[in-house]
Amino acid sequence: EAGVAQSPRYKIIEKRQSVAFWCNPISGHATLYWYQQILGQGPKLLIQFQNNGVVDDSQLPKDRFSAERLKGVDSTLKIQPAKLEDSAVYLCASNPSGSNEQFFGPGTRLTVL
Amino acid sequence: GQQLNQSPQSMFIQEGEDVSMNCTSSSIFNTWLWYKQDPGEGPVLLIALYKAGELTSNGRLTAQFGITRKDSFLNISASIPSDVGIYFCAGQSPSGSARQLTFGSGTQLTVLP
């Protein structure tokens, strides 16, 4: 079974630029999460999708961050415009219905200069 | 929101030694998960715990769900070099949004030959 796929693996941009990350969850997993992991910390939830609907985006900085999962499968996370403090690893995770066990992708390491 | 206190923050041990790390919370959880994260990768699930008092093993790893539902520990026996990495606890609150996890800040494990 293929795992959670993410791309790109690395991205370097200048502040005020835009960036987008892509995630393809494990096939059949209805729930998808985006996390932000700052160096030296645990992952922090940004947004949770159930199929193509948003379950919780209370911790998403909506003035600059947006995410979508239009067809209930893959998802994109966008930052526009980026700030220096957005430098982090952005992790995507998914889990099957009825399970608490989340499976993570390799992450995208973002550096904002 | 919930906060998890994970300790120790880092550990240096000799190959072959046993190691223990733990997480505590001010509120109860109904699920505890332990993950390991290697450099440049996403967290990988090691053990999942679902019942207070539950003791579960996965090879050389043993984890327990505390009776009070506010803590959990992970033990690694006879450590080997590939145990190096960051270990995270994660808990799911019964009052939180469905399936959302709160992560600890991680324990960085170094195994010396």
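Refer to the preceding data block for the structure.
It should be emphasised that the depicted structure is a prediction, and the values quoted were computed from it without experimental measurement.

Draft legend 1. Representation of the overall build of chain B. A count of helices and strands for chain B gives 0 helices and 11 strands. Taken from the N to the C terminus, the helices and strands of chain B come in the order β-β-β-β-β-β-β-β-β-β-β. For a compact globule of 113 residues, the expected C-alpha radius of gyration is about 13 Å, and chain B comes in at 14 Å, within 12% of that figure. Taking the principal axes of the C-alpha coordinates as reference, chain B spans close to 45 × 30 × 20 Å. Evaluated residue by residue, chain B yields a buried proportion of 42% over its 113 residues. Nonlocal contacts in chain B, meaning residues at least 24 apart in sequence, comprise 54% of its contacts between residues at least 6 apart. When the accessible surface of chain B is summed, it comes to about 5,200 Å², and 51% of that surface belongs to carbon and sulfur atoms. Charge-centre separation for chain B: the mean point of 6 positive side chains lies 15 Å from the mean point of 8 negative side chains.

Draft legend 2. Spotlight on the pattern of salt bridges. All names here are of chain A. Per the stated rule, a full pass over the model turns up 4 salt bridges over all chains. Linking Asp-57 and Lys-62 is a salt bridge whose minimum nitrogen-to-oxygen distance equals 3.7 Å. According to the relative accessible area criterion, Asp-57 is partly exposed, its value standing at 26%.

Draft legend 3. Quick peek at the interface of chain A and chain B. Contacts between chain A and chain B engage 21 residues on the former and 21 residues on the latter. Taking both sides of the interface into account, the surface hidden between chain A and chain B amounts to around 1,700 Å²; carbon and sulfur atoms contribute 46%. Among the residues chain A hides against chain B, the three largest losses belong to Asn-100, Glu-101 and Phe-104 of chain A. Together they make up 33% of the total. The interface formed by chain A and chain B holds 0 salt bridges in total. The tally of links between chain A and chain B comes to 8 residue pairs in polar contact (both at pLDDT 80 or more). Where the side of chain A that touches chain B is concerned, the elements lending two or more residues are strand S4 (31–37), strand S5 (44–50) and strand S9 (88–95) of chain A. Per-element accounting of the side of chain A that touches chain B gives the leading share, 3 residues, to S4 of chain A. Taken together, the residues of the side of chain A that touches chain B sort by class into 7 nonpolar, 11 polar and 3 charged.

Draft legend 4. A look at the state of the cysteines. Residue and element names in this part refer to chain A. Across all of its chains, the model carries 2 disulfides over all chains by this definition. Across the disulfide from Cys-23 sits Cys-92; the S-S distance is 1.9 Å. Classification of the bridge connecting Cys-23 and Cys-92 rests on its S-S torsion, roughly -70°, and on that basis the disulfide is left-handed. Of the two residues, Cys-23 sits in strand S3 (residues 19–24) while Cys-92 sits in strand S9, which places them 69 residues apart along the sequence. Cys-92 matches Cys-23 in its accessibility class, with the two residues each being buried.

Draft legend 5. Spatial organisation of unusual backbone geometry. Look at the link from Ser-7 of chain A to Pro-8 of chain A: it is a cis peptide, with omega at -10°. The topology assignment puts Pro-8 of chain A in the loop between strand S1 (5–7) and strand S2 (10–13). Located in the positive-phi region is Arg-16 of chain A, a residue other than glycine, with phi close to 80°. When you line up the elements, Arg-16 of chain A lands in the loop between S2 and S3. Phi is positive for Arg-69 of chain B, close to 70°, though the residue is something other than glycine. With respect to the helices and strands, the residue Arg-69 of chain B is situated in the loop between strand S7 (61–65) and strand S8 (71–76). Using a relative accessible area of 29% as the deciding quantity, one classes Arg-69 of chain B as partly exposed.

Rules used throughout
- Residues numbered from 1 in each chain as written.
- Chains lettered and ligands numbered in written order.
- Predicted model: local features only at pLDDT ≥ 70, side-chain atom pairs only at ≥ 80, totals over all residues.
- Heavy atoms only, no water.
- Helix = DSSP H or I, 4+ residues; strand = E, 2+ residues; numbered from the N terminus.
- Rg over C-alpha atoms; globule rule 2.2 N^0.38 Å.
- Buried < 20%, exposed > 50% of the residue type's maximum accessible area, 1.4 Å probe, protein only.
- Contact = heavy atoms within 4.5 Å.
- Areas by Shrake-Rupley, 256 points an atom, 1.4 Å probe, with all protein chains shown as cover.
- Lys, Arg positive; Asp, Glu negative; His and termini not counted.
- Charge placed at Lys NZ, Arg CZ, Asp CG, Glu CD.
- Salt bridge = Lys/Arg side-chain N within 4 Å of Asp/Glu carboxyl O.
- Buried area = accessible area lost by both parts, 1.4 Å probe.
- Polar contact = N/O pair within 3.5 Å; in protein donor to acceptor, adjacent residues only side chain to side chain.
- Nonpolar A, V, L, I, M, F, W, Y, C, P; charged D, E, K, R; others polar.
- Disulfide = S-S within 2.5 Å.

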